[in-house]
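Here is how the chains run, residue by residue.
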Amino acid sequence: MSAFSVKFLAPNSFLSPITNISATRLYANPSQTAVPAPPQAPEEITAERLEPRVEKKGGYFVLKEKFRQGINPQEKVKIAAEPMKLFMENGIEDLAKIPFEEIDKSKDTKDDVDVRLKWLGLFHRRKHQYGRFMMRLKLPNGVTTSAQTRYLASVIKQYGEQGCADVTTRQNWQIRGVTLSDVPSILKGLDEVGLTSLQSGMDNVRNPVGNPLAGIDPYEIVDTRPYTNLLSQFITANSRGNPEFTNLPRKWNVCVIGSHDLYEHPHINDLAYMPATKNGRFGFNLLVGGFFSPKRCAEAIPLDAWVPAEDVVPVCGAILEAYRDLGTRGNRQKTRMMWLIDELGVEGFRSEVVKRMPEQVLERASLEDLVDPKWERRDMFGVNPQKQEGLSFVGLHVPVGRVQSSDMDELARLADQYGSGELRLTVEQNIIIPDIENSKVKALLDEPLLKEKFLPEPPILMKGLVACTGNQFCGQAIIETKARALKVTEEVGRLVSVTHPVRMHWTGCPNTCGQVQVADIGFMGCMTRDGNGKVVEGADVYLGGRIGSDSHLGEIYKKGVPCKDLVPVVVDILVEKFGAVPRESEEGEE
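Counting of residues starts from 1 at the beginning of each chain's written sequence and follows it residue by residue. Only residues with pLDDT of at least 70 are given local features in this predicted model, and only at 80 or more are side-chain atom pairs given and counted; all residues enter the totals for whole chains, interfaces and linings. Note that water and hydrogens are dropped before the side-chain values are worked out from all heavy atoms of the structure.

As annotated in an unreviewed UniProt entry, the chain is Ferredoxin--nitrite reductase, chloroplastic from Lactuca virosa. Among the UniProt annotations of the chain, the heading Pathway (unreviewed entry) holds the following wording: "Nitrogen metabolism; nitrate reduction (assimilation)." UniProt positions are given in the numbering used here, feature names are shortened, and annotations may be inferred rather than shown by experiment.

Draft legend 1. Inspection of unusual backbone geometry at higher detail. At Gln 199, a residue that is not glycine, the phi angle is positive and equals roughly 55°. Turning to its location among the elements, Gln 199 is positioned in the loop between α7 (183-192) and α8 (225-236). By relative accessible area, which is 0% here, Gln 199 ends up buried. In DSSP terms, a helix is any run of H or I states spanning at least four residues, a strand is any run of E spanning at least two, and both are numbered starting from the N terminus. The classification of residues rests on relative accessible area computed with a 1.4 Å probe and restricted to protein chains. Under 20% of the type maximum is buried, over 50% is exposed, and intermediate values are partly exposed.

Draft legend 2. Region of interest: the sheet that holds strand β7 (residues 173-179). Strands were regarded as paired on the criterion that DSSP finds at least two bridges between them. Strands sit in the order β3-β4-β7-β6-β17 across an open sheet of five strands; the sheet is antiparallel. Strand pairing shows two members of the sheet lacking a second neighbour, β3 (122-124) and β17 (402-403), which therefore form its edges. Direction of pairing for strand β6 (residues 164-167) relative to β17: antiparallel, over a ladder of two bridges. For Asp 166, the partnering residue across the bridge sits in β17 and is Arg 402.

Draft legend 3. How the structure looks around the UniProt feature "domain: Nitrite/sulphite reductase 4Fe-4S" (unreviewed entry) in the chain. UniProt records the feature "domain: Nitrite/sulphite reductase 4Fe-4S" (unreviewed entry) at residues 202-360 and 465-574, using the numbering of this structure. Split by type, residues 202-360 is 29% helix and 19% strand. Its first and last C-alpha atoms lie 30 Å apart. Between the C-alpha atoms that bound residues 465-574 the distance is 14 Å, and the span itself is 21% helix and 32% strand.

Draft legend 4. Spotlight on the pairing of strand β9 (residues 271-278). Burial of β9 is extensive: eight of the eight residues sit out of reach of the surface. Side-chain alternation along β9 places Leu 271, Tyr 273, Pro 275 and Thr 277 on one buried face and Ala 272, Met 274, Ala 276 and Lys 278 on a second face that is also buried. In the sheet, β9 pairs with strand β10 (residues 281-288) via eight bridges, with the strands oriented antiparallel. Across the sheet, the residue bridging to Pro 275 is Phe 284, located in β10. From the end of β9 to the start of β10, which pair antiparallel, there are two residues, and Asn 279 there has a positive phi angle of about 55°. Where β9 lies against strand β14 (residues 368-369), two bridges are found, and the strand directions are antiparallel. Residue pairing in the sheet places Thr 277 in a bridge with Glu 368 of β14.

Draft legend 5. Examining the pattern of salt bridges more closely. In the sections that follow, a salt bridge refers to a side-chain nitrogen of Lys or Arg positioned within 4 Å of a carboxyl oxygen of Asp or Glu. Scanning all chains against the criterion turns up 47 salt bridges. The residue Asp 223 makes a salt bridge to Arg 225 at a minimum N-O spacing of 2.7 Å. Of the two residues examined, Asp 223 and Arg 225, each falls in the buried class. Put simply, Asp 379 and Lys 463 hold a salt bridge, and the shortest N to O gap is 3.4 Å. Of this pair, Asp 379 sits in the loop between β14 and β15 (382-385) while Lys 463 sits in the loop between α13 (448-452) and β20 (465-467), and the two are 84 residues apart along the sequence. You can call Asp 379 partly exposed: its relative accessible area is 39%. Among the charged side chains, a network of salt bridges with common partners joins Lys 56, Glu 244, Arg 324, Asp 325, Glu 352, Lys 355 and Arg 356.

Draft legend 6. Main features of the packing of aromatic side chains. Geometry of aromatic contacts follows a simple scheme: Phe, Tyr and Trp rings, the Trp one being its six-membered ring, pair when their centres are within 6.5 Å, and the pair is stacked under 30 degrees between planes, edge-to-face over 60, tilted otherwise. One pass over the full model with this rule turns up eight aromatic pairs. Measuring from ring centre to ring centre gives 5.3 Å for Tyr 227 and Phe 284, while their planes differ by 80°; the resulting arrangement is edge-to-face. Taken together, the residues span a long stretch of sequence, with Tyr 227 in helix α8 and Phe 284 in strand β10 at a distance of 57 residues. Accessibility classification places Tyr 227 together with Phe 284 in one group, the buried group. Joined through ring pairs, the aromatic side chains of Tyr 227, Tyr 273, Phe 282 and Phe 284 make up one cluster.

Draft legend 7. Main features of the packing of helix α6 (residues 146-157) against α7. For helices, the fitted axis covers only the stretch in contact; all axes are lines through C-alpha atoms, and the angles between them, taken along N-to-C directions, range from 0 to 180 degrees. Contact geometry of α6 with α7 gives a least axis separation of 10 Å together with a crossing angle of 165°. Judged on the interaxial angle alone, α7 and α6 are roughly antiparallel. In this structure, α6 crosses over α7, and the sense of that crossing is right-handed. Where α6 abuts α7, its residues Tyr 151, Leu 152 and Val 155 lie against Ser 185, Ile 186, Gly 189 and Leu 190. Ten residue types, Ala, Val, Leu, Ile, Met, Phe, Trp, Tyr, Cys and Pro, are classed as nonpolar, four, Asp, Glu, Lys and Arg, as charged, and the remainder, Gly among them, as polar. Looking at the contact of α6 with α7 residue by residue, the class counts come to five nonpolar, two polar and no charged. Small angles under 35 degrees read as roughly parallel and large ones over 145 as roughly antiparallel, with 65 to 115 read as roughly perpendicular and the rest as oblique. Crossing handedness follows the turn of the near helix against the far one: under a right angle anticlockwise gives a left-handed crossing, and clockwise gives a right-handed one. Contact criterion: two residues are considered in contact whenever any of their non-hydrogen atoms come within 4.5 Å of each other.

Shown next as structure tokens:
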């Protein structure tokens, strides 16, 4: 199959997973999600419905003529011009030379900068930073180096106040302020330090998420880095571009679970690999279909499939091909993979995956799940011992994930001086410095960056704080999120005290990049009316999301709360639902 013809890079020394199965308890328990499977499809799925909707022409997949009725505008943009040609045939070189004031005069070049460049990881900030771009990297497993971090810092530094970076909820870097004329040189610089931004936006596979403590965690089930690296290499053809998977009906998320903590949030991914043994072999059970959208949020469900470790890449390819070939391309709110699973039924979808496996074989799920459902999830802040004797990692809190170029340079210096030159990013938008000799830990903790900005032990309500970009940069966001999330949390913290972290997530719009549905308390931006009837920025408040083995999505608690009224609402929730104590009461009791 052409999809599996990619030649992988020579693996690094850690790319041979060592799994101590004998030291791991086995559990014959159901999947980690308690969500029932969607309704089964009708008994008869016609042969016509199972005809692939795409065909390969000139090296790229395009939608067949017969399936072009009622397609969405983004599909029309893909048909008008192949986005990957901007990279694979150096179209970006010519586009970058066009004066930006000329771009909007042609629909083709306007669509290039607003849509097609997203295949190169470039997002035009037309509404709030006209002529500038956010660039999203690929960073499998959230592992990066000091050299990579310094290079990204050098890019954003040249843009002054327009430049900054974010740690994302997919263990990734996003840099801001990029100008189009600089893109060719930036892409070259990324390649030189082993990074790519390719296929990180629009209808592509997002950054493969893994255990941020992979390889250093004394309690890990399996080192996820080999798998996330291979998946990323496969999807992007070693950063050269892989047109097999660049024309999906919609975006697609994948994660590989490596610990009992489920740091990777498997229930919200289109494909999640859950560690499990079968007949003495190590492998993964598969969950499929998890996603968020403005109209629907769904938890991943079991595919009733298990693959040995060596089939992680082939089964990913088979699932992607089934989705690429059969997914609908009309209403963008109904084109994520779960809609296809709903239509075909789990068994129908599974059979299409089987057809696309190299040997057309896919084993049924194993009962020997390796994830302990009773495990108490750990946070990663502060000093923690590694599995390597004499070494520790230090987890740092990065307030709502925002960093400046000077922060990145300093993080790179600390990684070199105290560790191995490596940094780890987490889906909670925080950073880990691994491989610190225990004798150096105290000196690291005394560094100004850890004393003043990125605290190893943040205030308890800050520990679980997450926020999307918000309307400072994002044109789709309805409200400002990052500064507001910090302000509200600080004010709430002055009014009440809690004994354990409460995860609070903010998202600027219903696209829910801030993943409010998995939070204990979530805030989704909206416009609402205050007590005087004036239209103001507000938030729909969500409550009850859970992560881990008993994961489930939160639900609306209160709609349309003006942002200026959020503090007392949050205080009441914390007191009533999370055992918070008003600080006035504390003082009176003392």
